[in-house]
Amino acid sequence: MNELSIELTEINPRDFFGNQNANIDLLKKYFPKLKLVARGSNLKAFGDDQVLQEFDKRIAMLLEHFAKFNRIDENIIERVLSSTCLLYTSPSPRDRQKS
């Protein structure tokens, strides 16, 4: 079993994890194959490497959103986790240009 550890250094873990870890519980629903543990300012995920990689990408999106808007809620989490966001998956027109 592989492990991914995420340290929340620049944001308040309580704000990110949600009231009574509600946001963590929602993450568990979307990633049932992972074991998620939130303690202090750490979020640890245990599971298959491929699932951990996807989880890491989605958490990065959520952290970026939180850093930008200073809030995260159930709707935002569901939007990020249930859909493919073009902002994060498609190359920009600048990336497609040939040199």
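Residues numbered from 1 in each chain as written. Predicted model: local features only at pLDDT ≥ 70, side-chain atom pairs only at ≥ 80, totals over all residues. Heavy atoms only, no water.

## Observations regarding the packing of aromatic side chains
Each pair of aromatic rings is reported with the distance of its centres and the angle of its planes. Inspection of the entire model under this criterion finds three aromatic pairs. With a centroid separation of 6.3 Å and 65° between ring planes, the pair formed by Phe16 and Phe17 is classed as edge-to-face. Side by side, Phe16 and Phe17 carry an identical accessibility label, which is buried. Relative to Phe66, the ring of Phe16 has its centre 6.1 Å away and its plane inclined at 85°; by these criteria the two rings are edge-to-face. With Phe16 in helix H1 (residues 13–17) and Phe66 in helix H3 (residues 49–69), this residue pair connects regions lying 50 residues apart in the sequence. According to the relative accessible area criterion, Phe16 is buried, its value standing at 3%. (Phe/Tyr/Trp six-rings, centres within 6.5 Å; stacked < 30°, edge-to-face > 60°. Buried < 20%, exposed > 50% of the residue type's maximum accessible area, 1.4 Å probe, protein only. Helix = DSSP H or I, 4+ residues; strand = E, 2+ residues; numbered from the N terminus.)

## Re the environment of Leu62
Looking at the secondary structure, you find Leu62 in helix H3. For Leu62, the residues in contact, after removing those within four places along its chain, are Phe16, Leu27, Ile72, Ile76, Ile77 and Val80. (Contact = heavy atoms within 4.5 Å.)

## Observations concerning helix H4 (residues 74–82)
Ile76, Ile77, Val80 and Leu81 are the residues of H4 that are buried. Burial along H4 is one-sided: seen end-on, the buried residues are contained in an arc of 120°. Summarising the geometry of H4, the exposed residues directed more than 90 degrees from the buried face are Asn75, Arg79 and Ser82. Packed against the buried residues of H4 are helix H2 (22–30) and H3. (Arc of directions from axis to C-beta.)

## Overview of H2
Considered for burial, the residues of H2 that qualify are Asn23, Ile24, Leu26 and Leu27. Viewed along the axis of H2, the buried residues span an arc of 160°, placing them on a single side of the element. Buried residues along H2 sit in contact with H1, strand S2 (35–39), strand S3 (42–47), H3 and H4.

## Considerations on the pattern of salt bridges
Going through the model one piece at a time under the given rule, you end up with four salt bridges. Between Glu54 and Lys57 there is a salt bridge, and its shortest N-O distance comes to 3.4 Å. With a gap of three residues between them, Glu54 and Lys57 both fall in helix H3, about one helical turn apart. For Lys57, a relative accessible area of 48% gives the class partly exposed. A salt bridge links Asp73 to Arg71; the nearest nitrogen and oxygen atoms lie 2.8 Å apart. Taking relative accessible area as the criterion, Asp73 reaches 24% and is therefore assigned partly exposed. (Salt bridge = Lys/Arg side-chain N within 4 Å of Asp/Glu carboxyl O.)

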